[in-house]
Amino acid sequence: MDLQAVAAIYAFAVKVLQIFAMLFAFGLVVLVLYVVYLYLSDVSQTKQAIRRNFPVLGRFRYQFEHLGEFFRQYFFALDREEMPFNRAQRSWVYRAAKNVDSTLAFGSTRPLNQPGDIVFLNHPFPTLAKDAVPPREVTVGVGVARRPYTTRSIFNISGMSFGALSVPAVRALSRGAAKAGIWLNTGEGGLSPHHLEGGCDIVFQIGTAKYGVRDENGLLSDEKLKAVAAHEQVKMFELKLSQGAKPGKGGILPGVKVTPEIAHVRGIPVGMDSISPNGHPEFRHVDGLLDMIQRIREVTGKPTGFKCVIGNSDWLHDLCEAIQKRGPESAPDFINIDSADGGSGAAPQSLMDYMGLPLNRSLPLVVDLLAQYGLRDRIKIICAGKLLTPSMVAWALAMGADFVNCGRGFMFALGCIQAMQCNKNTCPTGVTTHNPDLQQGLDPVDKAERVYNYAHNMEHEVGIIAHSCGVPEPRMLRRAHVEVINERGTPVPLSELVPDVKPKSVIASDRGAS
Ligand SMILES: Cc1cc2nc3c(=O)[nH]c(=O)nc-3n(C[C@H](O)[C@H](O)[C@H](O)COP(=O)(O)O)c2cc1C
Ligand code: SF4
């Protein structure tokens, strides 16, 4: 290369460096001006004390607070520390969903002295593999509904509406549920083709706004109800009275999540907040509730029950007495009890944190009340509320539930990382967003397999607990198989804390004595 060429390259390089230097200097000046602007706007504003006292620097607090939601679970939280679900619980679901080895080494990280925790009582002669059997079949609405529903499944997908959940999430749930032989509850957002796509059993939920089955006045339409019931896949109908995360508040779907398709399925305008009433305008007492259940069962021919979170329980006595007067055929075919610490796409914090009873109180309360009134066989019990690991599902069955529903466990199976942005349309994993760019991360075919694995491994491991307790299948677990750790850190029999109740004649005046 001649000297002239070298000089030209050198001159070019110097020019490029000069340009970069100028750009850098310019950028620096802009940055300094921007920081000065931030400083002046921080010290002159009066809304946020942190920004006023610590201009510019105070702004990082909000960024870190936001980023903390994502990162604390990786760097700072211990295995059993986080809420609503700790790493140990999430990891079990992730491993089950991926169908990878779920065994652990060295020893449990679970302290066995925390008040309220449970332990199971193993039998000296556990059930041998040759004696183990699948969960027995349960029929809902037998002798009452024209089309009773029979299933073996113990662990099903809890109601999460299309709208709260994305299209690929619903598709994956539908396909996974079909493969696992479990039901998918639609939640209150109506029935979409995505629910039907996989061919799974479906429980159609009727919320207070009657999405998908509402007439022009927002009341229940028999015509639309018949159309939904005409789908062979729809096996049962569930009237939603309340939800654990927000008792006394209706569904909330922000307008940003009301796409044209969701609006069509729900029967509401596009882009407007979708807020359902906090109660059913059609009835205000237990007789009205029984009439409504009777009407839905008559129109659809399918088992019909209701979902609620229990708070004040006097009305349950009224309900059982009303059923006794009318006859057992008037009863709901099932009651689905949601725990006060249940999840939601969006709920006010006061209701989420303070309203309603947790499942460890409400489940035995309802089971025993139905037993007292001789209605325990007639009315099946479903329950939900943080029952996403085998031990908790086994606990619920031992306590007296016929079926367990799970919402957030299946969200984890779909890839949810507990970023807790479900109400913002910014879900980073595509589970609860309608932003197509974010949804593309959720492949319905791949995630359907995870939904199936999770449900399948759950049933398998609840079976392991049952066999260790010496019974051949999970539905044979009883309170006598469980002990609860008391405030002194010592396990005491669950059957002593909440003894089984035998049927007896109960009238209103006996309540105080019973
Ligand atoms: C995103 C999301 C949406 C939900 N939508 C509904 C709904 O439409 N209807 C309903 O009855 N419950 C709804 N739930 C509550 C769940 O069905 C379930 O009762 C509750 O989360 C407790 O179960 P889990 O602890 O297994 O999640 C929703 C929960 C979540 C997390
Ligand atoms: S990852 Fe998505 S679905 Fe899971 S909590 Fe966060 S926003 Fe909700």
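Bear in mind that the values here come from a model prediction, so they are computed numbers and not experimental data. (Residues numbered from 1 in each chain as written. Chains lettered and ligands numbered in written order. Predicted model: local features only at pLDDT ≥ 70, side-chain atom pairs only at ≥ 80, totals over all residues.)

## Side note on unusual backbone geometry
Line of reasoning, step 1. For asparagine 99, which is not glycine, the phi torsion reads 60° and is therefore positive.
Line of reasoning, step 2. The phi torsion at glutamine 418 lies on the positive side, around 60°, for a residue other than glycine.
Line of reasoning, step 3. Within the element layout of this structure, glutamine 418 appears in the loop between helix 14 (408-413) and helix 15 (436-439).
Line of reasoning, step 4. We classify glutamine 418 as partly exposed; it has 19 C-beta atoms within 10 Å. (Helix = DSSP H or I, 4+ residues; strand = E, 2+ residues; numbered from the N terminus. Buried ≥ 20, exposed ≤ 12 C-beta atoms within 10 Å, placed from the backbone.)

## Points about the packing of helix 7 (residues 222-229) against helix 9 (residues 286-300)
Line of reasoning, step 1. One can describe the packing of helix 7 onto helix 9 by two numbers: an axis separation of 9 Å at closest approach and a directional angle of 55°. Between helix 7 and helix 9, the interaxial angle falls into the category oblique. The element helix 7 and its partner helix 9 pack so that their crossing is right-handed. Of the residues in helix 9, those in contact with Asp222, Leu225, Lys226 and Ala229 of helix 7 are Ile296, Val299 and Thr300.
Line of reasoning, step 2. Partitioned by chemical class, the residues of the contact of helix 7 with helix 9 number four nonpolar, one polar and two charged. (Axes fitted to C-alpha atoms, helices over the stretch in contact; angles between N-to-C directions. Parallel < 35°, antiparallel > 145°, perpendicular 65-115°, else oblique. Left-handed = near helix turned anticlockwise from the far one by under 90°. Contact = placed C-beta atoms within 7 Å. Nonpolar A, V, L, I, M, F, W, Y, C, P; charged D, E, K, R; others polar.)

## What to know about the domain arrangement of the protein chain
Line of reasoning, step 1. Taken as a whole, the protein chain is organised into domain 1 (3-75) and domain 2 (129-143 + 155-430 + 438-510).
Line of reasoning, step 2. Centre-to-centre, using C-alpha coordinates, domain 1 lies 51 Å away from domain 2. (Domains from an automatic or database assignment.)

## Some remarks on the pairing of strand 12 (residues 380-384)
Line of reasoning, step 1. Buried residues dominate strand 12, accounting for five of its five residues.
Line of reasoning, step 2. Here strand 12 shows two buried faces, one formed by Lys380, Ile382 and Ala384 and the other by Ile381 and Cys383.
Line of reasoning, step 3. The pairing of strand 11 (residues 334-338) with strand 12 spans five bridges and is parallel. Bridged to isoleucine 337 within strand 12 is cysteine 383.
Line of reasoning, step 4. Of the strand pairs in this sheet, strand 12 and strand 13 (residues 403-406) are connected by two bridges, and their pairing is parallel. By the bridge assignment for strand 13, cysteine 383 is matched with valine 404. (Pairing = 2+ DSSP bridges.)

## Comments concerning the sheet that holds strand 1 (residues 118-120)
Paired through backbone hydrogen bonds, the strands of a sheet run either parallel or antiparallel to each other.
Line of reasoning, step 1. Spatially, three strands are ordered 1-14-15 in an open sheet, and the strand pairing comes out antiparallel. Here the strands that pair on one side only, and so sit at the sheet edges, are strand 1 and strand 15 (491-493). Taking the axes of each pair of neighbouring strands and ignoring which way they run, one obtains an average angle of 35° across the sheet.
Line of reasoning, step 2. Bridging between strand 14 (residues 482-485) and strand 15 involves three bridges; their strand directions are antiparallel. What sits directly across from isoleucine 485, in strand 15, is proline 491.

## Here we look at the confidence of the model for the protein chain
Line of reasoning, step 1. For the protein chain, the average pLDDT comes to 92, and 95% of its residues sit at 70 or higher.
Line of reasoning, step 2. Confidence drops under pLDDT 50 across residues 506-514; counting only partners more than four residues distant or on other chains, this segment forms seven contacts. (pLDDT = per-residue confidence, 0-100.)

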